[in-house]
Amino acid sequence: SQELEQSPQSLIVQEGKNLTINCTSSKTLYGLYWYKQKYGEGLIFLMMLQKGGEEKSHEKITAKLDEKKQQSSLHITASQPSHAGIYLCGAPPSPGNTGKLIFGQGTTLQVKP
Amino acid sequence: DVKVTQSSRYLVKRTGEKVFLECVQDMDHENMFWYRQDPGLGLRLIYFSYDVKMKEKGDIPEGYSVSREKKERFSLILESASTNQTSMYLCASSRRQYQETQYFGPGTRLLVL
C-alpha cells in the first residue's frame, strides 16, 4: 500500500527564515494535498497539486510536485509566528479514487519571534 | 464557505461507556470521513461513507461503528470505550468527484479513563 513520508518530523526556525518541508511517496502520486493544522484544531486546506512539475503559491507558501510525481515540497519564505503549526500532506491511494486520502505523519513547525 | 461541525471539542468518558461523536456538514457533500489522529502516526481513516446508509471500513475500524441516516450527518460510535481509544477524532467531508478536497471539522479530543 502507498505510504507518505514527511521530513523533517519537526522544525524550529527563527522568524524571517525560509524553510522547506518534504513529502515523499512510495508510489506515483495521483494528486497531492497540503494541509495546515493549528494545535488542537482541524485541518485547513492549503493547496492541491496534480501534474508533474506543477507549482502553486499562496502568500508566502509555495508547493511543488516533482516531475516524477513521487515527491512534493512545501516552501515558506520569510517565516512568521502565524506559520507555526502542523503541516500534513495527503494523497489519493489510487488513480480514480473518489474521495479517500492517505496522510503523512505531519511536520510540526515552530517559529521563534 | 464549507462548514463541518463536530458535536464536542472535548469529551471525557469512562472505560466501557458507549460514546457517540457527531459530525454535520452543510455543503451537501456525498463523502464523509472519520479519522483519528495520534502523535507520530498522522491521520488514520476509521470509516468512510459515500452516501446515505453506505459505509466502508477504513484502516482501523475495530472497536468503532458508524451511522449515516441523513446526508449531512455522520456519527461515529465507540461501542465500549477503551483507554486506547483516547485520541483526537477528526471528521471531514468532500464531493464524490475525483480529486475533490476534503474539508475538516475542528476535531473532538476524547479522553477515556
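Everything below is about the structure shown above.
What counts and how
Residues numbered from 1 in each chain as written. Chains lettered and ligands numbered in written order. Predicted model: local features only at pLDDT ≥ 70, side-chain atom pairs only at ≥ 80, totals over all residues. Heavy atoms only, no water. Helix = DSSP H or I, 4+ residues; strand = E, 2+ residues; numbered from the N terminus. Rg over C-alpha atoms; globule rule 2.2 N^0.38 Å. Contact = heavy atoms within 4.5 Å. Buried area = accessible area lost by both parts, 1.4 Å probe. Salt bridge = Lys/Arg side-chain N within 4 Å of Asp/Glu carboxyl O. Polar contact = N/O pair within 3.5 Å; in protein donor to acceptor, adjacent residues only side chain to side chain. Pairing = 2+ DSSP bridges. Axes fitted to C-alpha atoms, helices over the stretch in contact; angles between N-to-C directions. Disulfide = S-S within 2.5 Å. Buried < 20%, exposed > 50% of the residue type's maximum accessible area, 1.4 Å probe, protein only. Core = buried A, V, L, I, M, F, W, Y, C linked by side-chain atoms within 4.5 Å.

**Considering the overall build of chain A**
Working step 1: On a plain count of helices and strands, chain A comes out with 0 helices and 11 strands.
Working step 2: What you see in chain A, going N to C, is helices and strands ordered as β-β-β-β-β-β-β-β-β-β-β.
Working step 3: Radius of gyration (C-alpha) of chain A: 13 Å, near the 13 Å computed for a compact globule of 113 residues.
Working step 4: Once the C-alpha set of chain A is aligned to its principal axes, its extents read approximately 45 × 30 × 20 Å.

**Remarks on the interface of chain A and chain B**
Working step 1: Of the residues lining the interface, 25 residues belong to chain A; the matching set on chain B comes to 25 residues.
Working step 2: Together chain A and chain B conceal approximately 1900 Å² of surface at their shared face, both sides included; 53% is due to carbon and sulfur atoms.
Working step 3: Summed over the shared surface of chain A and chain B, the number is 1 salt bridge.
Working step 4: For Lys-100 of chain A, the salt bridge goes to Glu-56 of chain B, with nearest N and O atoms at 2.9 Å.
Working step 5: Connecting chain A to chain B are 5 residue pairs in polar contact (both at pLDDT 80 or more).
Working step 6: Listing elements by their share of the side of chain A that touches chain B, those giving two or more residues are β4 (32-37) and β5 (43-49) of chain A.

**Considerations on the sheet that holds strand β7 (residues 64-70) of chain B**
Residues and elements named next belong to chain B.
Working step 1: Pairing within the open sheet is antiparallel, and its 4 strands lie in the order β1-β3-β8-β7. The sheet is open, and its two borders are formed by β1 (4-6) and β7, each paired with just one other strand. If you compare each strand with its neighbour and ignore which way they point, the axes differ by 20° on average.
Working step 2: Of the pairings in the sheet, the one linking β7 to strand β8 (residues 73-78) comprises 5 bridges and is antiparallel in character. Pairing of Ser-67 across the sheet is with Ser-75, part of β8.

**Points about the state of the cysteines**
Working step 1: Evaluation of the coordinates by the stated rule reveals 2 disulfides over all chains.
Working step 2: Put simply, Cys-23 of chain A and Cys-89 of chain A are joined by a disulfide, and their sulfur atoms are 2.0 Å apart. The S-S bond linking Cys-23 of chain A to Cys-89 of chain A shows a torsion near 75°; that makes this disulfide right-handed. With Cys-23 of chain A in strand β3 (residues 19-25) and Cys-89 of chain A in strand β9 (residues 85-91), the pair connects residues that are 66 residues apart, well separated along the chain. Residue Cys-23 of chain A shares its accessibility class with Cys-89 of chain A, and that shared class is buried.
Working step 3: One disulfide bridge connects Cys-23 of chain B with Cys-91 of chain B, the sulfur atoms lying 1.8 Å from each other. Judged by the sign of its S-S torsion, about -75°, the bond between Cys-23 of chain B and Cys-91 of chain B is left-handed. Here the residue Cys-23 of chain B occupies a position in strand β3 (residues 19-25), and Cys-91 of chain B occupies one in strand β9 (residues 87-94), the gap between them amounting to 68 residues. Take Cys-23 of chain B and Cys-91 of chain B: they sit in the same class, and that class is buried.

**Comments concerning the nonpolar core**
Side chains of a nonpolar character, in soluble globular proteins, are inclined to be buried together.
Working step 1: Formed by 22 residues in total, the largest nonpolar core has its most connected members in Leu-4, Leu-19, Ile-21, Leu-32, Trp-34, Leu-74 and Leu-109 of chain A.
Working step 2: Counting only elements with at least two residues in this core, the list comes to β2 (10-14), β3, β4, β5, β7 (61-65), β8 (71-76), β9 and β11 (107-112) of chain A.
Working step 3: Those residues in contact with Leu-4 of chain A, other than ones at most four positions away along the chain, are Cys-23, Thr-24, Ser-25, Leu-29, Cys-89, Gly-90, Ala-91, Ile-102, Phe-103, Gly-104 and Gln-105 of chain A.
Working step 4: Of all hydrophobic cores here, the second largest spans 20 residues; its members include Trp-34, Tyr-47, Tyr-64 and Ala-81 of chain B.

**Here we look at the sheet that holds strand β1 (residues 4-7) of chain A**
Whenever strands of a sheet pair, they do so through backbone hydrogen bonds, lying parallel or antiparallel.
Residues and elements named next belong to chain A.
Working step 1: Strand order in the open sheet formed by 5 strands is β1-β3-β8-β7-β6, and the pairing between neighbours is antiparallel. Two strands in the sheet have a free side with no partner beyond their single neighbour: β1 and β6 (55-58). Strand-to-strand twist in this sheet, taken as the mean axis angle between neighbours without regard to direction, amounts to 15°.

**Concerning the pairing of strand β11 (residues 108-112) of chain B**
Residue and element names in this part refer to chain B.
Working step 1: Judged by which residues are buried, β11 turns out to be one-sided: Thr-108, Leu-110 and Val-112 face inward and are buried, whereas Arg-109 and Leu-111, on the alternate face, are not.
Working step 2: Examined bridge by bridge, strand β2 (residues 10-13) and β11 share 4 bridges and lie parallel to one another. Bridge pairing links Leu-11 to Leu-110 in β11.
Working step 3: Summarising the sheet, β9 and β11 pair through 3 bridges and their orientation is antiparallel. The residue of β11 that forms the bridge with Ser-87 is Leu-110.

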